[in-house]
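Remarks on the overall topology
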Amino acid sequence: MHKLKGGLGAVSEGLAEYFEELGGELRLHTTIEKVLTENGKAVGVELRGGERVTSGVTVSNLDHTATFTGLMDEADLPADFIYAIKQIDHRGAYVQMQVALEELPEFTEEWSFLNEGEMRGQMGIFNSAELLERSWDQCRRGKVPDDVCVGFQIPSVLDDSLAPPGKHAATLFAYHFPVTAPRSEHGKLKDVMGDRIIDKVTRYAPNFRESILHHATFAPYHYESMFGCTNGDFTHGLIHPEHLIEFRPVMGSDGGYRTPVPNLYMCGSGCAPGPGVTFLPGYNSAHAILEDVA
Ligand SMILES: Cc1cc2nc3c(=O)[nH]c(=O)nc-3n(C[C@H](O)[C@H](O)[C@H](O)COP(=O)(O)OP(=O)(O)OC[C@H]3O[C@@H](n4cnc5c(N)ncnc54)[C@H](O)[C@@H]3O)c2cc1C
């Protein structure tokens, strides 16, 4: 994985600039409440507050579930299509911690090689395929994995402008948050999982827990409210083997770009080959639109 100076936000800012240079009008912090249809065809969107924006082609980069069950009337969609959309697996269960560190973690014993050079910029503690499998099983049963698998990045090792002199800024993320547990328990489970993430790193770098000055922990419900993704699933639908390539996100959808509603297209991570910051679903979607409207 590459790291960008200025962080991922710099990519969004660059894209926004390019889009506006090409004559696009961008409205940030604007919520779409509805995809508008007339005679079964998409004709634009309605914003929160009631303003209507009409268009020849409407494109959504929300996940398919949020688009078709949240922004549209299910009765206007073919029953087999909406049934398939409701089967998309949104257990992309993820916890992320942002931490401010007094000092860098010092790895010990056979892991001390990680203290060299820029190795601490990007690490992962996944142990084994068996452990990942066990974590997923615990997650499916609504339990916090007993031994979490952790991605750990300290970008200030690569770019010292990201933290005050001598201090560091780090991100930890762990898979398999128990999203199937009752929603009322998620806050408590997030704290348990955060503590296990810190424990896990401290097992390999004993000074880690004590070096944390501040931390903020985000669970799927935060991502759901921040980004509108169903269940907080940043993958826009887990990729099971039967949902690869043209079967993403559901069988028969040919990559997910076209929809049963004429003039409505999809371009986000729910399309092939999402998820991730690859731009490929958007690129493929743009080609599908050009093919249809040209
Ligand atoms: C913590 C975290 C770390 C990640 N790390 C990586 C990584 O290291 N590498 C990588 O490749 N991928 C990573 N990902 C995954 C990656 O961010 C996603 O796959 C990617 O952002 C999906 O892009 P998208 O444009 O399809 O959808 P999104 O990024 O989900 O964009 C959807 C947009 O629609 C907006 N929106 C939602 N509802 C509405 C509405 N009703 N009206 C108007 N706007 C709305 C949202 O605010 C959002 O801006 C990470 C994700 C998370 C959450």
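Structure: see above.
These remarks concern the structure in this document. Remember, it's a predicted structure, so these values are computed and weren't measured experimentally.

Criteria and cut-off values
- Residues numbered from 1 in each chain as written.
- Predicted model: local features only at pLDDT ≥ 70, side-chain atom pairs only at ≥ 80, totals over all residues.
- Helix = DSSP H or I, 4+ residues; strand = E, 2+ residues; numbered from the N terminus.
- Buried ≥ 20, exposed ≤ 12 C-beta atoms within 10 Å, placed from the backbone.
- Contact = placed C-beta atoms within 7 Å.
- Near = placed C-beta within 6 Å.
- Nonpolar A, V, L, I, M, F, W, Y, C, P; charged D, E, K, R; others polar.
- Domains from an automatic or database assignment.

1. Comments concerning the overall build of the protein chain
Within the protein chain, the regular secondary structure consists of 8 helices and 10 strands. The principal-axis extents of the C-alpha atoms in the protein chain amount to approximately 65 × 45 × 35 Å. Each of the 294 residues in the protein chain was classed as buried or not, and the buried ones make up 31%. Relative to all contacts within the protein chain whose residues are 6 or more apart in sequence, the contacts with residues 24 or more apart total 61%.

2. What to know about the site of the ligand
Not every one of the 18 residues close to the ligand is listed here, only the nearest: Gly228, Gly268, Ser269, Pro275 and Gly276. The residue inventory of the shell around the ligand, partitioned by class, reads 9 nonpolar, 9 polar and no charged. The residues that make up the shell around the ligand include at least three from each of domain 1 (31-89 + 235-293) and domain 2 (94-227).

3. Thoughts on the environment of Asp199
Within the secondary structure, Asp199 is located in helix α5 (residues 186-204). The class for Asp199 is partly exposed, based on 14 C-beta atoms found within 10 Å. A sequence separation of 10 residues divides Asp199 from Arg209, and the C-alpha atoms of the two residues are 7.4 Å apart.

Keep in mind that these numbers describe shape and distance, not what the molecule does.
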